[in-house]
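This is what each chain is made of:
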Amino acid sequence: GMRFFVPILFALCCAAWSAPPASAQSDAAVHRQFVTVCPASQADSVPPAPDHPDCQQVPRWTIDPQGRHLWAYFTLTLDEVPANRPLGLSVSAKASSHAYLNGVKIGENGQPADDRRAEKPGKMDVIFPVPADLLHPGDNALAVRMSSHSGWLTLSSPVHRVALDGYQSPQYRMLNWYWPSFLTFGAFILGALYFLRTASLGRQCVPSLLLALMSTAAALQLLVEVSRGLLDYNYPIHDLRLIAIAGLSATFGLTLATFVIWRFRPAIKWWLVGGAAACTVAALVLPSGFDAKSGLALLAPPLFATGVALSAVRTRLVDALVFAGCLLLFASINLFAAGQFLDRYFYFAIAALMLFLFIQQADAFAREESSRQQEQSRADRLQYVIDRIETSDAVTFLSVRDMGRTHRISSQDIAYIKGAGDFVELVLTSGETHLHSATLNDLEDELPAYFLRVHRSYIANSKLIESLQRNASGTGELRLHSNHALPVSRRIMPKIKAALQ
């Protein structure tokens, strides 16, 4: 398991790392670290001078138009005006916006306003064409009027990007960033279909359903993530997108933890699933930002599951260590690539993790099939014996040497036989016992068909069976007319019960 998982995960992450970082914040025009933010009014037709008493200098990443109507004043510094290529002002923000470059209006995205009724929501990602003759070397004044009164969430960083660079569709820029991750979509769909199929065949139904749910959650999360590059949506929809990503992250994390719990600690699974669910809820509630919520929802449940796997090391050393190692590796990628984990590495890590789980489940299916075939073979042999019981009245005599005397014992007088190492103990209906130099396997072939192997250490005379009682553990107790009680193994129990009906 682990020797396949690590190199595959490493290769997939290298592929993700090598893809072009199209959404990086490096701009052709260098922004100064701080911008001036001033209150705006619907009466403003041009950017007013940034000398209002309420104007303030803020870091670029803290601009917040949510529930406000404001002007943001940027300074774009150019060494020279780029020639021979179209330029555009890219604005990615949860806001409606109008943009002015050196006092000239260059674009509208919705209608910023003082309140929700007057505002017309703009697109989440937009690019305004910039005429080259509006730019000059040195400092250029950029003013962006924004408001954000719609939506359901209050984001910690509602303005993602304001940049002057080459003119291209914002959706193209997003897709250029996300497309390597989209390569994993087919693997998630195939995984979901495969595990649904195995669950429908009754092969480890619950683990298969959990793996199908994990694959489906990853596929849906990828679609929602990439939707920003596929759909040109208004900014309120972005709230729904963030809620969906956080919910699917939590679904994946909790399902992964449940799968590990089901595999290693089934005796107390519901208590542990409750603990994993509590970790997932805390991950969604405690952080303020939605990226943090989604990232922590993918981190806390797998770490909880790591502890569950390690707790099973005493009984299942190899499997538990392999699972714990894989989960820790997954969590490490989340921690050390936190800035890009949800966008790119998450899906490659999940593809590798699903491949690892596929290998583990395939191995479990093979073991289950082998066990089922062996059990079926034993059941068929037992059924053959049971079918002969009603018509078989054969009598066999055993010659038993005991205390220097040889006893000729009829099989009809034997109540049951108990294994005793290289000998067997013959218990007669009269209560007498005799030690006989033979094995239970030998006597199974020698005695008539109405003698049944009900346990690895017992053979019973089925003609003397009085009752069969099933225990809560699945084993049973066979009572004979001779007032003897014999244990019945769990696997033989259904056949004995059917034979007595």
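Our structure is the block above this text.
None of the values given here were measured: they were computed from a predicted structure. Residue numbers restart at each chain and count upward from 1, following the sequence in its written direction. In keeping with the predicted nature of the model, local features appear solely for residues at pLDDT of at least 70, side-chain atom pairs appear and are counted solely at 80 or more, and the whole-chain, interface and lining totals rest on all residues. Heavy atoms from the whole structure form the basis of all side-chain values; hydrogens and water molecules are not counted.

**Here's the deal with the overall build of the protein**
Counted only if it meets this: Each helix is a run of DSSP H or I of at least 4 residues and each strand a run of E of at least 2, with the numbering of both proceeding from the N terminus. Burial here depends on accessible area, computed with a 1.4 Å probe over protein chains only, as a share of the maximum for the residue type. Under 20% is buried, over 50% is exposed, and the range in between is partly exposed. When checking whether two residues touch, look at their non-hydrogen atoms; a contact exists if any pair is within 4.5 Å. Here the open area of atoms and residues is found with the Shrake-Rupley method and a 1.4 Å probe, where only the protein chains shown may cover a residue.
Each helix and strand counted, the protein has twelve helices and 20 strands in total. Classification of the 501 residues of the protein by burial places 48% in the buried group. Taking the intrachain contacts of the protein between residues at least 6 apart in sequence as the baseline, contacts between residues at least 24 apart amount to 70%. On the protein, roughly 24,300 Å² of surface is accessible, and the fraction owed to carbon and sulfur atoms is 57%.

**Some remarks on the sheet that holds strand 5 (residues 87-93)**
Threshold: Strand pairing requires that DSSP identify at least two bridges connecting the strands. Axis lines are fitted to C-alpha atoms, over the contacting stretch for helices. Their N-to-C directions set the angle, which ranges from 0 to 180 degrees.
Across the sheet, three strands lie side by side as 8-5-10; this open sheet has antiparallel pairing. Bordering the open sheet on either side are strand 8 (125-130) and strand 10 (159-166), each of which pairs with just one other strand. In this sheet, neighbouring strand axes are inclined to one another by 15° on average, regardless of whether the strands run parallel or antiparallel. By the bridge criterion, six bridges tie strand 5 to strand 8 in an arrangement that is antiparallel. Bridge pairing in strand 8 links Gly88 to Pro129.

**Some thoughts on the pattern of salt bridges**
As a reminder, the rule being used: The salt bridge definition used is simple: a Lys or Arg side-chain nitrogen within 4 Å of an Asp or Glu carboxyl oxygen.
Tallied over the entire structure, the rule returns seven salt bridges. A salt bridge links Glu108 to Lys105; its shortest N-O distance comes to 2.3 Å. Relative accessible area serves as the criterion here: at 37%, Lys105 is assigned to the partly exposed category.

**Quick look at the environment of Arg60**
Here Arg60 shows up in the loop between strand 3 (56-59) and strand 4 (69-78). Owing to a relative accessible area of 27%, Arg60 belongs among the partly exposed residues under this scheme. A C-alpha to C-alpha distance of 9.7 Å links Arg60 and Val37, two positions 23 residues apart in sequence.

**Looking at the environment of Lys497**
If you trace the backbone, Lys497 turns up in helix 12 (residues 493-500). Separated by 19 residues in sequence, Lys497 and Leu478 have C-alpha atoms that sit 9.9 Å apart.

**Details of the packing of aromatic side chains**
Worth spelling out the cut-off: Pairing of aromatic rings covers Phe, Tyr and Trp, the last counted by its six-membered ring, and requires centre-to-centre distances within 6.5 Å; plane angles under 30 degrees mean stacked, over 60 mean edge-to-face, and any other angle means tilted. In this scheme, the term charge over a ring applies when either NZ of a lysine or CZ of an arginine sits within 6 Å of the ring centre and within 35 degrees of the ring normal.
Overall, the coordinates contain nine aromatic pairs when judged by the stated rule. Both rings, one in Tyr194 and one in Phe195, keep their centres 5.1 Å apart while their planes meet at 75°; by these two values the pair is edge-to-face. Overall, the relative accessible area of 2% leaves Phe195 in the buried class. Feature note: the residues Trp71, Tyr73 and Tyr100 constitute an aromatic cluster, connected by ring pairs. The ring of Trp262 is capped by Lys269, whose NZ or CZ atom sits 5.1 Å from the centre of that ring.

**Thoughts on the state of the cysteines**
Just so we agree on the cut-off: In plain terms, two cysteine sulfur atoms within 2.5 Å form what is called a disulfide here.
Tallied over the full model, the rule gives one disulfide. Paired through a disulfide, Cys38 and Cys55 show a sulfur-sulfur distance of 2.0 Å. Taking the sign of the S-S torsion, about 120° here, the bridge from Cys38 to Cys55 comes out right-handed. You can see Cys38 sitting in strand 2 (residues 34-39) and its partner Cys55 sitting in the loop between strand 2 and strand 3, a full 17 residues away along the chain. Each member of the pair, Cys38 together with Cys55, is buried.

**Digging into the sheet that holds strand 18 (residues 465-470)**
Through backbone hydrogen bonds, the strands of a sheet pair up, either in parallel or in antiparallel fashion. As summarised here, the arrangement of the three strands in space is 18-19-20, forming an open sheet in which the pairing is antiparallel. What marks the edges here is a single partner per strand, and that holds for strand 18 and strand 20 (485-488). On average, adjacent strands in this sheet sit at an angle of 25° to one another, irrespective of strand direction. Both strand 18 and strand 19 (residues 476-480) contribute to a ladder of five bridges, which runs antiparallel. Bridge assignment links Gln469 to a residue of strand 19, and that residue is Glu477.

**Description of the nonpolar core**
Put simply, the rule reads: Joining through side-chain atoms within 4.5 Å is the link that ties buried Ala, Val, Leu, Ile, Met, Phe, Trp, Tyr and Cys residues into a set, and such a set is a nonpolar core.
Ranked by size, the top nonpolar core spans 42 residues in total, and within it Phe188, Phe252, Val260, Phe323, Ile350, Leu353 and Leu357 carry the most contacts. At the level of elements, helix 3 (185-200), helix 4 (205-230), helix 5 (236-264), helix 6 (269-285), helix 8 (300-311), helix 9 (317-336) and helix 10 (341-389) are the ones that each hand at least two residues to this core. With nine residues, helix 4 is the single largest residue contributor to this core. In this structure Ile350 touches Phe188, Ala218, Phe252 and Phe330, once residues within four positions along its chain are discounted. With 28 residues, the next largest nonpolar core counts Ile63, Leu76, Ala93 and Met146 among its residues.

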